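Commentary on secondary and tertiary structure
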Amino acid sequence: MASGIYVHVPFCASFCIYCDFYSVKGGSFEGYRDALLEEIVRQRGYFKNGVLPETLYFGGGTPSLLDTSYIEQIASAIKLQFGVSDFKEFTIEVNPDDVFHPDDIARSRRKLDEYRRMGINRISMGVQSFQDEHLRWMNRRHTAVQAVEAFRLLRECGFDNISIDLIFGFAKLTREQWADNISKALELSPEHISCYQMMLEKGSALYALAKKGKYAEPAQEECAWQYAYLQRKLTEAGYEQYEISNFCKEGYQSRHNSNYWERTPYLGLGPAAHSFDGETVRKWNVASVKSYISALREGKYDVICTSERLTDADIFNEQVMLGLRKTAGFSLNTLDSKMLAKVMPALESMLSSGELILERREEAKNHVCAESRTRAERYGHAAGLEVTDGDIIRIPPDKLFVSDGIIERLFIT
Ligand code: SF4
C-alpha cells in the first residue's frame with residue numbers, strides 16, 4: 001500500500017497576502033529541528049503491517065529557508081527510523097528567491113547540488129505569477145525574472161521533475177495577464193503545474209482587507225473563464241488534468257498528494273501537521289512552534305497531538321470528496337451501500353443533468369466520455385443493486401470549476 005511522510009516547516013520570511021497556513025516569521029530553527037528529530041523517533045511505529053513510506057514531502061511554510069544540513073539530518077533520521085533506504089518521490093517546496101540569488105550563483109548552485117545529493121528528486125516551486133505588480137501586491141519576495149532564472153538553474157542542476165504553482169481568480173488579474181502567465185509557464189515546460197483560485201481565507205491579510213471594504217473578489221464568471229482557459233491551454237500543450245487543481249505531463253502525477261486523495265496512510269511531522277492511518281483515525285499536531293518544541297523537549301508529546309476517530313458518515317463524505325477531486329473519479333463500489341442508497345436521488349439527478357458521469361472502469365481509464373447513465377440498476381452492487389456496466393463516477397472537466405457544489409450534494413449530513 002502506498003504511504004507517505006509530510007514534514008511541515010512552519011517558517012516564512014514574510015507572509016503572502018492570501019495565505020492562512022500556520023507559519024511564523026523567524027524563530028528557533030534549531031529548536032524546531034531537535035523537536036522534529038524527537039518526534040520522528042516517537043512515531044517510528046506509525047505505519048502498521050509492514051507498510052513502508054514511499055514518499056517524503058517537505059512543505060510549509062517555506063522549507064527552502066531551512067539550512068540544507070537540517071533538511072539532510074531530518075531526512076536521514078526518517079529513513080533510519082522507518083527503515084527506508086530511498087524514497088520513490090522526495091519533494092521539497094521552494095520559493096524562487098531561496099534557490100536563486102542573482103548576486104551569488106555559486107551559493108545557489110551549491111544549495112541545489114546538496115538537495116540532489118540528499119535524494120530530493122522533485123521540486124515544487126511557488127511561482128504564483130509572472131507579473132511583478134501582482135507579486136508585489138501578494139507580498140511575494142521574488143520577481144518574475146527571478147522565478148524564470150530559478151527554474152533554469154534547477155534544470156541546470158539536474159532536476160527533471162519540477163512543479164510550479166500559479167494563482168488565478170483575484171481582482172487585479174486581467175484575462176491578458178492570465179494568458180501571459182500560462183504562456184510563460186508553458187515556455188518553461190515544467191513536468192507539473194498546480195493552479196489555485198485565490199480565496200478569502202479567514203486569518204489572511206486579504207480577508208482583513210475585504211472585511212474593511214478594501215478588496216472585492218472578482219465575479220465567479222470571470223474566475224470560471226480563467227479556469228476554463230487554463231484547462232484548454234494546458235490540455236492543448238499535452239498536460240493531463242488529473243485533479244481539480246493539478247496538471248502534469250504523462251507519468252508525473254504527484255505521488256505524495258495522490259496518497260491524500262486515495263486515502264492511504266500518511267504521517268505528518270512538525271507543528272500543525274496532520275496524519276491519517278488509512279482507516280478511521282486522523283490526528284494533528286498543535287499549530288504552535290513554541291508549544292511543539294517545549295512539549296517534545298519535556299517528553300509531553302500527547303499534550304500537543306489531538307486525534308479524531310471518523311464516523312461512518314465522515315468516511316463516506318471523505319471518500320466522495322476526495323474521490324471526486326480526481327478527474328478519473330472513483331468506484332461507487334467502495335462506498336457503504338446503505339449510505340449510497342440515501343444519496344441516490346441526488347446522484348441520479350446529477351447524472352441526468354450531466355454534472356456527474358458514470359462509466360465502466362476501462363472508459364474511465366481511457367478518459368473516454370461515456371454517456372451519463374441514469375438507471376439505478378446500472379449503479380453496481382455498491383447500492384445493493386444488480387451488477388452492471390458501470391461503477392466509476394466522476395465530474396466531467398467542464399464542471400470541475402463548480403465541483404464543491406456537486407460534491408456537497410452527495411454528503412451524508
Ligand atoms: S504562501 Fe507560502 S511563503 Fe507565502 S505566507 Fe503562505 S506559506 Fe509562507
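Computed from a predicted model, the values in this text were never measured in an experiment.

Quick look at helix 2 (residues 68-82) now. Relative to the 21 Å expected for 15 residues at 1.5 Å per residue, helix 2 spans 21 Å between its end C-alpha atoms, a close match to the ideal helical length. Those residues of helix 2 that sit buried are Thr68, Tyr70, Ile71, Ile74, Ala75, Ala77, Ile78, Lys79 and Phe82. Contacts from the buried residues of helix 2 go to strand 1 (4-9), helix 1 (29-42), strand 4 (55-60), strand 5 (89-94), helix 4 (105-117) and strand 11 (266-269).

What follows is about the pattern of salt bridges. Per the counting criterion, the structure on display carries 21 salt bridges. Lys79 serves as the salt-bridge partner of Asp86, at 4.0 Å between the closest nitrogen and oxygen. Classification of Asp86 by relative accessible area gives exposed; the value is 57%. Taking the shortest distance from any N to any O, the salt bridge between Glu318 and Arg263 comes out at 2.9 Å. With Glu318 in helix 13 (residues 312-325) and Arg263 in the loop between helix 10 (255-262) and strand 11, this residue pair connects regions lying 55 residues apart in the sequence.

Let us look at the site of the ligand. For the ligand, the full set of nearby residues is Cys12, Ser14, Phe15, Cys16, Tyr18, Cys19, Gly61, Thr62, Asn95 and Arg140. Partitioned by chemical class, the residues of the shell around the ligand number five nonpolar, four polar and one charged.

Right, let's talk about the side chain of Ser3 for a bit. Looking at where Ser3 falls in the secondary structure, it is placed in the segment before strand 1. For Ser3, a relative accessible area of 0% corresponds to the buried category. Filtering out sequence-adjacent residues up to four positions away, Ser3 remains in contact with Phe47, Val51, Leu52, Pro53, Glu54, Thr55, Asn259 and Pro265.

Turning our attention to the packing of helix 13 against helix 14 (residues 337-353). At their nearest, the axes of helix 13 and helix 14 sit 11 Å apart, and the two run at 60° to each other. With respect to each other, helix 13 and helix 14 are oriented oblique. The two elements helix 13 and helix 14 cross, and the hand of that crossing is right-handed. Listed contacts from helix 14 to Asp312, Ala313 and Phe316 of helix 13 are Met339, Leu340 and Val343. Here the residues of the contact of helix 13 with helix 14 are counted per class, giving five nonpolar, no polar and one charged.

A few words now on the domain arrangement of the protein chain. Along its sequence, the protein chain is carved into domain 1 (4-261) and domain 2 (313-408). Each side of the interface is counted separately: domain 1 has 15 residues, and domain 2 has nine residues. Roughly 1,000 Å² is buried in total at the junction of domain 1 and domain 2, and carbon and sulfur atoms are behind 60% of that figure. Joining domain 1 to domain 2, the criterion identifies one salt bridge. A salt bridge links Glu243 to Arg325, with the shortest nitrogen-to-oxygen separation between them at 2.5 Å. Where domain 1 meets domain 2, there are five residue pairs in polar contact (both at pLDDT 80 or more). Looking at the side of domain 1 that touches domain 2, the elements that each hand over two or more residues are helix 9 (220-236), strand 9 (240-243) and helix 10. Its residues assigned to classes, the side of domain 1 that touches domain 2 shows eight nonpolar, five polar and two charged.

The subject of this paragraph is empty space enclosed by the protein. Under the criterion given, the structure shown has one cavity of 30 Å³ or more. If you add up the space inside the largest cavity, you get close to 50 Å³. Forming the boundary of the largest cavity are Phe316, Val320, Leu324, Phe330, Leu332, Leu335, Leu340, Val343, Leu347, Ile393 and Leu410. Counting only elements with at least two residues in the lining of the largest cavity, the list comes to helix 13 and helix 14. In terms of residue class, the lining of the largest cavity is made up of eleven nonpolar, no polar and no charged.

Next up on the list: the environment of Leu135. Tracing the chain through its elements places Leu135 in helix 5 (residues 132-138). The exposure class of Leu135 is buried, given its relative accessible area of 1%. Residues Leu135 and Met350, 215 residues apart in the sequence, show an inter-C-alpha distance of 40 Å. Residues in contact with Leu135, not counting those within four places in the same chain, are Val127, Ser129, Arg140, His142, Thr143 and Ala144.

The next thing to look at is the pairing of strand 5. Burial runs high along strand 5: five of the six residues are buried. Across four bridges, the pairing between strand 5 and strand 6 (residues 122-128) is parallel. Bridge assignment links Val94 to a residue of strand 6, and that residue is Met125.

Let's shift gears to the packing of helix 1 against helix 11 (residues 289-297). Between helix 1 and helix 11, whose axes approach to 9 Å, the crossing angle comes to 55°. It follows from the interaxial angle that helix 1 and helix 11 lie oblique. Between helix 1 and helix 11 the crossing geometry is left-handed. Within the contact between the two elements, helix 1 uses Gly31, Tyr32, Ala35, Leu36, Glu38, Glu39 and Arg42 and helix 11 uses Tyr292, Ile293, Leu296 and Arg297. Here the residues of the contact of helix 1 with helix 11 sort into six nonpolar, one polar and four charged.

Applying the stated criterion to the full structure yields 16 aromatic pairs. Relative to Phe90, the ring of Phe87 has its centre 6.2 Å away and its plane inclined at 70°; by these criteria the two rings are edge-to-face. When sorted by exposure, Phe87 lands in the same class as Phe90, which is buried. An aromatic cluster is built from Phe168, Trp178, Tyr227 and Phe401, whose rings are joined through pairwise contacts. Over the aromatic face of Phe276 sits the side chain of Arg282, whose NZ or CZ is 4.0 Å from the ring centroid.

Basis of the calculations
- Residues numbered from 1 in each chain as written.
- Predicted model: local features only at pLDDT ≥ 70, side-chain atom pairs only at ≥ 80, totals over all residues.
- Heavy atoms only, no water.
- Helix = DSSP H or I, 4+ residues; strand = E, 2+ residues; numbered from the N terminus.
- Expected span 1.5 Å × (residues − 1).
- Buried < 20%, exposed > 50% of the residue type's maximum accessible area, 1.4 Å probe, protein only.
- Contact = heavy atoms within 4.5 Å.
- Salt bridge = Lys/Arg side-chain N within 4 Å of Asp/Glu carboxyl O.
- Near = heavy atom within 4 Å.
- Nonpolar A, V, L, I, M, F, W, Y, C, P; charged D, E, K, R; others polar.
- Axes fitted to C-alpha atoms, helices over the stretch in contact; angles between N-to-C directions.
- Parallel < 35°, antiparallel > 145°, perpendicular 65-115°, else oblique.
- Left-handed = near helix turned anticlockwise from the far one by under 90°.
- Domains from an automatic or database assignment.
- Buried area = accessible area lost by both parts, 1.4 Å probe.
- Polar contact = N/O pair within 3.5 Å; in protein donor to acceptor, adjacent residues only side chain to side chain.
- 1 Å grid on protein atoms, 1.4 Å probe; cavity = no way out; pocket = protein on both sides within 12 Å on 5 of 7 lines; lining within 4 Å.
- Points joined across faces, edges and corners; volume = space filled by probe spheres on them.
- Pairing = 2+ DSSP bridges.
- Phe/Tyr/Trp six-rings, centres within 6.5 Å; stacked < 30°, edge-to-face > 60°.
- Lys NZ or Arg CZ within 6 Å of the ring centre and 35° of its normal.

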